[in-house]
Structures are given as structure tokens and as C-alpha cells.
Amino acid sequence: MKYQILLCDIDDTLFDFHKGESIALKNTFEAFGIPATDEVWAAYHTANSEQWRKLERGETTPQKLRVDRFREFLKLMNLERDADAMSETAIDQLGQQRWPLPFCEELCRLVSEKMPIWLVTNGIARVQHSRMEGSFLAPYIAGMVISEELGVSKPHPAMVLEALAQAGVDDLSRAVFLGDSQTSDIAAANNAGVDSILFTGGKDIPEGHKATYAVKTLEEAMEIILQA
């Protein structure tokens, strides 16, 4: 087979992160007496998106991100709440969310019969460990590299190279990275020198993408991963 190992993102590649996040945040807002209005959602997503962009640029850490997004949200909404407490509640809630995308389980089961699957994620360690330990995907996963534990985040190549090192794979041409983010997943793969598959989740494939391959479905991704 062409590939010896699959490196894979988690959020919006295997799990429907947006669905899980919506449920977790709604429960968090309610716990702190904040109605989940359109204005509240817009303010949170503004604050959260900026913090994740800062993380990708190396301007913050996962530890700061998980509190600062709520701190900035509260400023935007002119609300007085405990940002640290909101963060802890949200993390607990997120760790309970496991919403698989179509063909997710089949891909992991069939690919794991041929090669190890290593997860490579910028997610919060406590959340990702909680989600995977209680997940139906756990039997198919060989290992996981998390930015918060490694000290760098995708698109830093160390995220990819650490997974390969732990897996005992030293031939970069035998690895392929599956992910949904061009700026995080595909950039990390390119920086490390491994092939990549951009997964669009059914959306049109963007022009000028820098991935080795681009697919709309996980079925298509599996065909590439398991090619002879």
C-alpha cells in the first residue's frame, strides 16, 4: 500500500464539532443565566474565532485560549460573569459531545485494519481525552497528539512529526494527513512534508487549495488512504 499511517484531525473531520459545541455552549450559557440569543451566539463566535486564529499564529496558548474567549465574549456583551468558571463548565460540557460525521466509524474501522490511525489535534487536552475515552472510535485509534500537551499547535510541523515518531514511522512519503482546515491541518502536513487530504464535508472544493488531494466525503478519503 502507498500509505503506512493515517494522521487525522478530529473536529469537523471525524466529529461534528459545531453540533457538539452548540449543545455544550447552550448548556453553559443557561448555567450562567445568559439567554442563547442570536446576539450572544454572534459575540461568542467572534471572540472564539479570534482566539483560535491567535493560536494558529503562535500568539496565545491553549490554556489562555479557553478562558480568554469567554473573557472577550463577556466584554463584547457587557456582562459580568466569571470567565474562568464559564470556561470550566464549557470544557466539561464539550467533553461529553460525540457526534460522528457520516461514514466516520466505517472509515476508522476499515482503515485501522490496514494501518494505525493517529489523531493530531489543536483541541483542549481535557476535552479530547474525555471525548475519545468514551467514544465508539477508541478501539480504532492507535494514539493521539494534542497541541496543549506538546507545546506547539498546528500548523507547526512538530505536531505531525511527533505523531510519526511515536508511531515509529520515519518515511514521510508513507504518511497522509486527513483534515478539514487549510490553515491548520493542510498547512501542518505541508510544513512537515507529508501528503494531505482536504475534507470539505460536502462543500465545493476550494480553488487553489494546497492539499495533495481534496474530497467532499469521507468515503472518497478512504479510497485515497487505502490505495495500493
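Just so it is clear, the structure is predicted and the values come from calculations on it, not from any experiment.

### Description of the packing of helix H4 (residues 83-94) against helix H6 (residues 125-133)
It is the contact of H4 with H6, at a shortest axis distance of 8 Å, that shows an interaxial angle of 25 degrees. Taken as axis vectors, H4 and H6 run roughly parallel relative to one another. Handedness of the crossing formed by H4 with H6: right-handed. Along the contact surface, H4 presents Glu88, Ile91, Asp92 and Leu94, while H6 presents Arg126, Val127 and Arg131. Taken together, the residues of the contact of H4 with H6 break down into 3 nonpolar, no polar and 4 charged.

### Some thoughts on the side chain of Lys154
Residue position: Lys154 is located in the loop between helix H7 (147-150) and helix H8 (157-167). Side-chain polar atoms of Lys154 contact the side chain of Asp9, separated by 3.0 Å. Here Asp185 takes part through its side chain, which lies 2.6 Å from a polar atom of the side chain of Lys154. Dropping the residues within four chain positions of it, Lys154 is found in contact with Asp9, Glu56, Val120, Thr121, Asn122, Met159, Phe177, Ser184, Asp185 and Ala188.

### Looking at the packing of aromatic side chains
Here the structure, examined in full by the defined rule, presents 5 aromatic pairs. The structure contains a cluster of three or more aromatic residues connected by ring pairs, namely Phe29, Trp41, Tyr44, Phe70 and Phe73.

### Brief notes about the layout of surface pockets
Approximately 630 Å³ is the volume found for the largest pocket. As for the largest pocket, its lining consists of 27 residues, of which Asp11, Asp12, Phe17, Trp52 and Glu56 are closest to the centre. Sorting the residues of the lining of the largest pocket by element identifies helix H1 (17-31), helix H2 (38-56), H6 and helix H9 (182-192) as the ones contributing at least two each. For the lining of the largest pocket, the element with the highest residue contribution is H2, accounting for 6 residues. For the lining of the largest pocket, the residue count by class is 5 nonpolar, 11 polar and 11 charged. If you add up the space inside the second largest pocket, you get close to 260 Å³. Considering the residues around the second largest pocket, the lining is formed by Asp12, His18, Leu101, Asp180, Gln182, Leu198, Phe199, Thr200, Gly201, Lys203, Asp204 and Pro206. For the lining of the second largest pocket, a count of residues per class yields 4 nonpolar, 4 polar and 4 charged.

### Section: the pattern of salt bridges
All told, the structure shown has 16 salt bridges when counted by the stated rule. Across the pair Lys2 and Asp195 runs a salt bridge, and its minimum N-O distance is 3.9 Å. Residue Lys2 is located in the segment before strand E1 (5-8), and its partner Asp195 is located in strand E5 (residues 195-199); the two are separated by 193 residues in the primary sequence. Asp9 is the partner of Lys154 in a salt bridge, and the nearest nitrogen-oxygen pair spans 3.0 Å. Note that Lys154 is positioned in the loop between H7 and H8 and Asp9 in the loop between E1 and H1, a separation of 145 residues in sequence. Residue classification places Lys154 among the buried residues on the basis of a relative accessible area of 1%. Sharing partners across several salt bridges, the network here consists of Glu50, Arg53, Arg57 and Glu59.

### Some remarks on the sheet that holds E5
The 6 strands lie next to each other as E3-E2-E1-E4-E5-E6, forming an open sheet whose pairing is parallel. Each end of this open sheet is capped by a strand with a single partner; those strands are strand E3 (143-146) and strand E6 (213-215). Pairwise comparison of adjacent strand axes, ignoring direction, gives a mean angle of 20 degrees for this sheet. Strand direction decides the pairing type here: E1 and strand E2 (residues 117-121), joined by 3 bridges, are parallel. In the sheet register, Leu7 faces E2, and the bridge partner there is Trp118. Against the sheet, H6 engages E2 and E3, with an angle of about 160 degrees to E3.

Conventions used here
- For every chain, the first residue of its written sequence is number 1, and the numbers climb from 1 along that sequence.
- Only residues with pLDDT of 70 or above have their local features reported here, since the model is predicted, and side-chain atom pairs are shown and tallied only from 80 upward, although totals for entire chains, interfaces and linings are computed over all residues.
- Side-chain measures were taken over the full set of non-hydrogen atoms in the model, leaving aside hydrogen atoms and water.
- Comment: axis = line fitted to C-alpha atoms, over the contacting stretch for helices; angle = value between 0 and 180 degrees taken between N-to-C directions.
- Strands are runs of DSSP state E lasting at least two residues, helices are runs of H or I lasting at least four, and both sets are numbered from the N terminus onward.
- The labels follow the angle: roughly parallel below 35 degrees, roughly antiparallel above 145, roughly perpendicular from 65 to 115, and oblique for the rest.
- Take the far helix as the reference: if the near one is turned anticlockwise from it by less than a right angle, the crossing is left-handed, and if turned clockwise, right-handed.
- Contacts: residue pairs with any heavy atoms within 4.5 Å of one another.
- Throughout this entry, Asp, Glu, Lys and Arg are counted as charged residues, while Ala, Val, Leu, Ile, Met, Phe, Trp, Tyr, Cys and Pro are counted as nonpolar. The remaining residues, Gly among them, count as polar.
- Pairing of N or O atoms within 3.5 Å defines a polar contact, subject to two protein rules: one partner must be a possible hydrogen donor and the other a possible acceptor, and residues neighboring in sequence count only if both atoms are side-chain atoms.
- Working definition: a ring pair exists when centres of Phe, Tyr or Trp rings (six-membered ring for Trp) sit within 6.5 Å. Plane angles under 30 degrees give stacked, over 60 give edge-to-face, the rest tilted.
- Only protein atoms enter the 1 Å grid used here. Points where a 1.4 Å probe fits but cannot escape make up a cavity, open sets with protein on both sides within 12 Å along at least five of seven lines make up a pocket, and a residue lines them when an atom lies within 4 Å of a point.
- Grid points are joined across faces, edges and corners, and a volume is the space filled by probe spheres set on the points.
- Counted as salt bridges are all cases of a side-chain nitrogen of Lys or Arg within 4 Å of a carboxyl oxygen of Asp or Glu.
- Relative accessibility under 20% of the residue-type maximum defines a buried residue, over 50% an exposed one, and the middle range a partly exposed one, all with a 1.4 Å probe and only protein chains included.
- Pairing between two strands is assigned when DSSP locates at least 2 bridges connecting them.

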